[in-house]
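This is what each chain is made of:
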Amino acid sequence: MNRLTCTLRLLAGGVFLVAGALKVLDPARFAADIDHFRLLPYFAVAPLALYLPWLEIICGLAMFVSALRRSALVLLLALTVVFIAAITSAWMRGLDIRCGCFGAASTAPLAYDLVFDVILSGVLFWLWRAEGRA
Amino acid sequence: MVCDKTNPSCAATCRQAVLLLALALLPAVFTAWLHPKRPAWNWTRPTVTELPLADAERLTPPVIWLDARPDEEYAAQHVPGALSLNEDRWEELLPKFMAVWQPGTRVVVYCNSQECDASRAVAVRLRHDLRIDNVFVLQGGWAAWLEEHKP
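Below is a short write-up of the structure. This one's a predicted model, so the numbers in the text were calculated from it and none came from an experiment. (Residues numbered from 1 in each chain as written. Chains lettered and ligands numbered in written order. Predicted model: local features only at pLDDT ≥ 70, side-chain atom pairs only at ≥ 80, totals over all residues.)

**Side note on the overall build of chain A**
Here comes step 1: Secondary structure assignment for chain A yields five helices and zero strands.
Here comes step 2: The order of helices and strands in chain A, counted from the N terminus, is α-α-α-α-α.
Here comes step 3: Relative to its length of 134 residues, chain A is compact, with a C-alpha radius of gyration of 15 Å against a globular reference of 14 Å.
Here comes step 4: Judged by the C-alpha coordinates and their principal axes, chain A covers about 45 × 25 × 25 Å.
Here comes step 5: Every one of the 134 residues in chain A was classed for burial, and the buried ones make up 46%.
Here comes step 6: Of all intrachain contacts in chain A linking residues separated by at least 6 positions in sequence, the fraction that spans at least 24 positions is 68%. (Helix = DSSP H or I, 4+ residues; strand = E, 2+ residues; numbered from the N terminus. Rg over C-alpha atoms; globule rule 2.2 N^0.38 Å. Buried ≥ 20, exposed ≤ 12 C-beta atoms within 10 Å, placed from the backbone. Contact = placed C-beta atoms within 7 Å.)

Have a look at this one:
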């Protein structure tokens, strides 16, 4: 197997595992972070804060199961595109908030998270294409 | 993703994606049920009273000003006499606030500008977790204070 593909898969899966786990530690804080984006009605914030971290963890784990990898990549790519859209919209509205992408560890300005997510989506897309050829 | 019968692998990917989406539901339900830090199931956003700077400065003493911005910004400059209380170091900073707070004290929380949510978050937490009334958020935040008190 291509060593680069393997490394990127490990990194991408690891990122979502860590990001999900950090958010699972404090779902109330993540709910506040989601609310600060001012994109969702308040009743949708708590369910999303409970569900999203686990979706990241499950998909992060599924990246290491060959039978589930393709579907995990599709879901994670879709999630990352949604994150990019949300961060871009907050950034354009001039909101002074933190991303919350890595739970309490999120302290960087939004622009950094945006760049990170764009790179991550590129990696996921590349892995998805590589998976299709396999 | 559009799947048809000529592309069985696509249909399988869709099925597995649904399976993964469903799998994540299970631990999420347990988190909602058992997690000590689960979010509150409020159907309406908690409200906090915002005060324009002029009104905040006219509040009847005792008044405590709280800076909800990150540590380094507080260290650089802050409203004279303001205490630091942000969510990043909540547990460490809260005792300093509690040491000076007394029942009846008015609290004004600010963050950078109108477009920040840290002051709102701190104010909501003081109200809900500590049941402190008379907590206000400064409209326009630090930017408004700086504009008014330009050297």
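**Comments concerning the overall build of chain B**
Here comes step 1: The number of helices and strands found in chain B is six helices and five strands.
Here comes step 2: If you list the helices and strands of chain B from N to C, you get α-β-α-β-α-β-α-β-α-β-α.
Here comes step 3: Whereas a compact globule of 151 residues would reach a radius of gyration of roughly 15 Å, chain B reaches 23 Å, over 25% beyond that.
Here comes step 4: Sequence separation of at least 24 residues holds for 61% of the intrachain contacts in chain B that already meet a minimum separation of 6.

**Observations regarding the nonpolar core**
Here comes step 1: Judged by nonpolar contacts, the single largest core of 67 residues is most densely connected at Cys59 and Ala72 of chain A together with Leu20, Leu66, Val108, Val109 and Val122 of chain B.
Here comes step 2: Both domains that furnish three or more residues to this core are identified here as domain 1 (1–39) and domain 2 (49–148) of chain B.
Here comes step 3: Beyond its immediate chain neighbours, meaning those up to four positions away, leucine 66 of chain B contacts Ala82, Leu83, Leu85, Phe97, Val107, Val108, Val109 and Val122 of chain B. (Core = buried A, V, L, I, M, F, W, Y, C linked by C-beta atoms within 7 Å. Domains from an automatic or database assignment.)

**A short note on the sheet that holds strand S1 (residues 49–51) of chain B**
Residue and element names in this part refer to chain B.
Here comes step 1: A sheet is described by the order of its strands in space; here five strands give the open sequence S1-S5-S4-S2-S3, paired in parallel fashion. Bordering the open sheet on either side are S1 and strand S3 (83–84), each of which pairs with just one other strand.
Here comes step 2: Seen against the sheet, helix H5 (residues 118–130) touches strand S2 (63–67), strand S4 (106–110) and strand S5 (135–138) and runs at an angle of roughly 180° to S5. (Pairing = 2+ DSSP bridges. Axes fitted to C-alpha atoms, helices over the stretch in contact; angles between N-to-C directions.)

**Some words on helix H4 (residues 69–92) of chain A**
Here comes step 1: Helix length check: H4 of chain A, at 24 residues, gives a terminal C-alpha distance of 34 Å against a target of 34 Å (1.5 Å per residue), a fit within 8%.
Here comes step 2: One or two residues past the end of H4 of chain A sits glycine 94 of chain A, with phi positive at roughly 70°. (Expected span 1.5 Å × (residues − 1).)

**Comments concerning the interface of chain A and chain B**
Here comes step 1: Listed per partner, the contact involves 29 residues of chain A and 29 residues of chain B.
Here comes step 2: Going through the elements one at a time, helix H2 (27–36), helix H3 (42–62) and H4 of chain A are the ones with two or more residues in the side of chain A that touches chain B.
Here comes step 3: Tallying contributions element by element places H3 of chain A first for the side of chain A that touches chain B, with 11 residues.
Here comes step 4: A per-class count over the side of chain A that touches chain B returns 22 nonpolar, four polar and three charged. (Nonpolar A, V, L, I, M, F, W, Y, C, P; charged D, E, K, R; others polar.)

**Comments concerning unusual backbone geometry**
Here comes step 1: Residue proline 62 of chain B is bonded to the preceding proline 61 of chain B through a cis peptide linkage, with omega at 0°.
Here comes step 2: Structurally, proline 62 of chain B can be placed in the loop between helix H2 (53–57) and S2.
Here comes step 3: Positive phi outside glycine occurs at arginine 38 of chain A, with the angle close to 50°.
Here comes step 4: Tracing the backbone shows arginine 38 of chain A in the loop between H2 and H3.

**Thoughts on the environment of alanine 86 of chain A**
Here comes step 1: Mapped onto the fold, alanine 86 of chain A is located in helix H4.
Here comes step 2: Looking at alanine 86 of chain A, the number of C-beta atoms within 10 Å reads 20, which means it is buried.

**Observations regarding the pairing of S2 of chain B**
Along any regular strand the residues' side chains alternate between the sheet's two faces.
All names here are of chain B.
Here comes step 1: The element S2 is extensively covered by neighbouring structure, given that four of its five residues are classed as buried.
Here comes step 2: Sheet analysis places S2 next to S4, joined by five bridges and oriented parallel. Across the sheet, residue aspartate 67 finds its bridge partner in S4, namely tyrosine 110.

**A look at the packing of H2 of chain A against H3 of chain A**
All names here are of chain A.
Here comes step 1: The geometry of H2 relative to H3 is characterised by a closest axis approach of 9 Å and an angle of 125° between their N-to-C directions. Taken together, the axes of H2 and H3 are oblique relative to one another. In the crossing of H2 with H3, the sense of the turn from one axis to the other is right-handed. Between H2 and H3, the residues in contact are Pro27, Phe30, Ala31, Ile34 and Asp35 and Tyr42, Val45, Ala46, Leu48, Ala49, Leu50 and Pro53, respectively.
Here comes step 2: Each residue belonging to the contact of H2 with H3 can be placed in one class, and the counts come to 11 nonpolar, no polar and one charged. (Parallel < 35°, antiparallel > 145°, perpendicular 65-115°, else oblique. Left-handed = near helix turned anticlockwise from the far one by under 90°.)

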